[in-house]
Amino acid sequence: MSFRVCDSIPPVATFGLANYDDLLRGCTCRRAIKEGRIVHAHMIKCHIVTSVRLANRLLVMYVKGGSLEDARQVLDGMPQRDVISWTAMMSGYSQNGRSFEALEQLPRMLRTGQDHGRQIHSLAVKTNFDSHMFVGSSLLDMYSKAGEIKDARRVFNLLPHRDVVSCTAIISGYAQSGLDEEALEVFQQLHREGMECNYVTFVSLLTAVARLAALDFGRQVHGLVIRSELLSYVVLDNSLIDMYSKCGSLKHSRRVFDNMLERSVISWNTMLTGYSKHGLGREVVQLFKSMSREVKPNGVTFLAVLSGCSHGGLIDEGLDIFGYMVSDQRLKPEIGHYGCVIDLLGRAGRIEEALDVMKNMPYEPTSALWNSLLGACRLHAKISIGEFVAQKLLDIEPGNASNYVILSNIYAASGRWKDVARVRESMKLKKLTKEPGRSSIQLDKFMHIFFSSDRSHPQRKEIFDKITEVCERIKEAGYAPDLSCVLHDVDDEQKESILLGHSEKLAIAFGLMRSAGHESIRITKNLRICIDCHNFAKYVSDVYQREISLRDNSRFHLVAGGTCSCGDYW
Ligand code: ZN
Ligand code: ZN
């Protein structure tokens, strides 16, 4: 072979990058590593700033020449690396029988080049590495964090062994993507296969359970937590408190809270929020008082306490606490705190004052705030302010059908039928439809989901018969369907049948059919409960002597003996 690199390479001025490129390629082809080193040394001496392309040339040259340590140094010195660099390095290791080091590169690659994840994955598949534990877990973690749950699952299915890390990654991947039922399903399956759990697994599971309000499942997870002796983790206890409270079982939340050896401000806030969402204002205020002796409250604490006062109808206490927060604790109120004050005043019928707070606060009012004020106007029949507020809302969110519904409720409540018709007409013109209502109820460890006017349930016939029967019985007790909740332009009979198809009524009827007489019926709904369903639930709780706990997208309604914990204000 007659290839030689001249020992006296000309100075850099006459020697461009392209020449280095050519030289290195020549060295590579001929496996001339000694000459390659001289070129490399010259580049360093002349302070040549290597481009990624040139660095890759060097890397490949060393790999092909069998000097992996030199290759590694080039790779580590690269400010950015691309897939080619990594591929070269990996194939170098694997061709030299150093497959473990090759595998080691993958997770590092994934960490440095998330954007190239998919390319790297296909590379891993080609080199038959993707089912290797080490690589698989990293790929799984990457896909799961990026929310690419299908790919994460594919990688997971290929893993030769599953350990606590990979199982947790897939479960939390589902939970983080909001696929709560799938998260629980995967857990059940893996649990049967003998998977182990750590506290991260439990926290992910409890998040999913809480969102689904799947109390039975939550209890099982709690049992596993106790058996796993992980109880002393504050984060885990906080998740348990949150789970029980979102599943409607505050008694259990409180038990976990009381048994904690050490509580963080988050523990207190979680417990306070639980009471608050259930409308238990007195408990909120009481707990808040004992908290102040132990931990310094923060903004979240006051949000929970103020909304607890508002949900529980403790107007004066709430206004006092707001004053204490601003003057004694010197905390700057955020928009949420103002929202609670507006809600408190609105609930008390002090609508003008609420409007004043809204105008003078240092934030732009959100649709949620206008909405709360609109609810107050409906409750206290303040039609002119109600109209003003509704108009504001329609300006902010012209596409939200529920604003039209509330405005029409306000008109209907004061018998202004022409205006009801006008609202209905403008809604029809804008072709607005509401997001379909969805309610779920857990019975016998199964989650049953109902959509409004759902006719897909295998027991639909029995459910509709049951609703008709329930409706007749509660009508005798005084229930009258509130037809103003229906904005469709149909006759009254059809309106009534539309109302009866609301998803929470289907779930209530199903709960009455399928659960024992003393059990309370627990329902979760994706939207705010409508006035008619709220009424329906109150009558059912009285006539059938059943407690109904209904969590809608804003709060809990604990309905018993004909009244609701929200005091008809939500
Ligand atoms: Zn309804
Ligand atoms: Zn209620």
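Located above this text is the structure these notes cover.
For clarity, every value in this text was computed on a predicted model and none was experimentally measured.

**Quick look at the coordination of the zinc ion (ligand 1)**
- In this structure, His502 (ND1), Cys530 (SG) and Cys533 (SG) serve as the protein donors to the zinc ion (ligand 1), at separations of 2.0 to 2.3 Å.
- As a motif over one chain, the donors of the zinc ion (ligand 1) read H-x27-C-x2-C. You can see His502 sitting in the loop between α27 (492-500) and α28 (503-514) and its partner Cys530 sitting in the loop between β3 (521-525) and α29 (531-543), a full 28 residues away along the chain. With respect to burial, His502 and Cys530 carry one shared label: buried.

**With respect to the pairing of strand β2 (residues 446-451)**
- With 6 bridges joining them, strand β1 (residues 438-443) and β2 adopt antiparallel strand pairing. Directly across from Ile441, in β2, lies its bridge partner His448.
- Here β1 hands over to β2 after 2 residues, with Asp444 in that stretch at a positive phi of 50 degrees.

**Examining the coordination of the zinc ion (ligand 2)**
- For the zinc ion (ligand 2), every protein donor is listed as His534 (NE2), His557 (ND1), Cys564 (SG) and Cys566 (SG), and the spread of their distances is 1.9 to 2.3 Å.
- All donor residues of the zinc ion (ligand 2) come from one chain, and their arrangement in sequence is H-x22-H-x6-C-x1-C. Each member of the pair, Cys564 as well as Cys566, is classed as buried.

**Considering unusual backbone geometry**
- At Arg31, a position not held by glycine, the phi torsion is positive, near 50 degrees.
- Its place among the elements puts Arg31 in the loop between α1 (17-29) and α2 (33-45).
- Classification of Arg31 by relative accessible area gives partly exposed; the value is 48%.
- The backbone of Ala213 sits at a positive phi, close to 55 degrees, despite the residue not being glycine.

**Thoughts on the packing of aromatic side chains**
- A full pass over the atoms with the stated rule returns 12 aromatic pairs.
- Consider the rings of Phe288 and Phe302, whose centres lie 5.5 Å apart with planes at 65 degrees: the pair is edge-to-face. Residue Phe288 is located in helix α17 (residues 281-294), and its partner Phe302 is located in helix α18 (residues 299-311); the two are separated by 14 residues in the primary sequence.
- A residue is classified by how much of its surface remains accessible, and Phe288, at 6% relative accessible area, is buried.
- A residue is classified by how much of its surface remains accessible, and Phe302, at 0% relative accessible area, is buried.
- Seen from their ring centres, Tyr479 and Tyr539 are 5.9 Å apart, and the 70 degrees between their planes marks the pair as edge-to-face. Remark: Tyr539 occurs in helix α29 and Tyr479 occurs in the loop between α26 (460-476) and α27; sequence separation between them is 60 residues.
- Grouped by ring-pair contacts, the aromatic residues Phe288, Phe302 and Tyr324 constitute a single cluster.

**Description of the pattern of salt bridges**
- If you walk through the whole model with that rule in mind, you get 25 salt bridges.
- Ionic pairing is found between Asp21 and Arg57, a salt bridge with its closest N-O pair at 3.3 Å. Remark: Arg57 occurs in helix α3 (residues 52-64) and Asp21 occurs in helix α1; sequence separation between them is 36 residues.
- With a shortest N-O distance of 4.0 Å, Glu352 and Lys382 are connected by a salt bridge. Of this pair, Glu352 sits in helix α21 (residues 351-360) while Lys382 sits in the loop between α22 (367-379) and α23 (383-396), placing them 30 residues apart in sequence.
- The network of salt bridges with shared partners includes Glu387, Arg416, Asp419 and Arg422.

**Considerations on the state of the cysteines**
- Inspection of every chain in the model, using the stated rule, returns 0 disulfides.
- The thiol of Cys27 is unpaired, and the distance to the nearest cysteine sulfur, on Cys29, comes to 9.3 Å.
- What makes Cys29 exposed here is its relative accessible area of 59%.

About the criteria used
Residues numbered from 1 in each chain as written. Chains lettered and ligands numbered in written order. Predicted model: local features only at pLDDT ≥ 70, side-chain atom pairs only at ≥ 80, totals over all residues. Heavy atoms only, no water. Donors = N, O, S within 2.8 Å, 3.2 Å for Na, K, Ca; no water. Helix = DSSP H or I, 4+ residues; strand = E, 2+ residues; numbered from the N terminus. Buried < 20%, exposed > 50% of the residue type's maximum accessible area, 1.4 Å probe, protein only. Pairing = 2+ DSSP bridges. Phe/Tyr/Trp six-rings, centres within 6.5 Å; stacked < 30°, edge-to-face > 60°. Salt bridge = Lys/Arg side-chain N within 4 Å of Asp/Glu carboxyl O. Disulfide = S-S within 2.5 Å.

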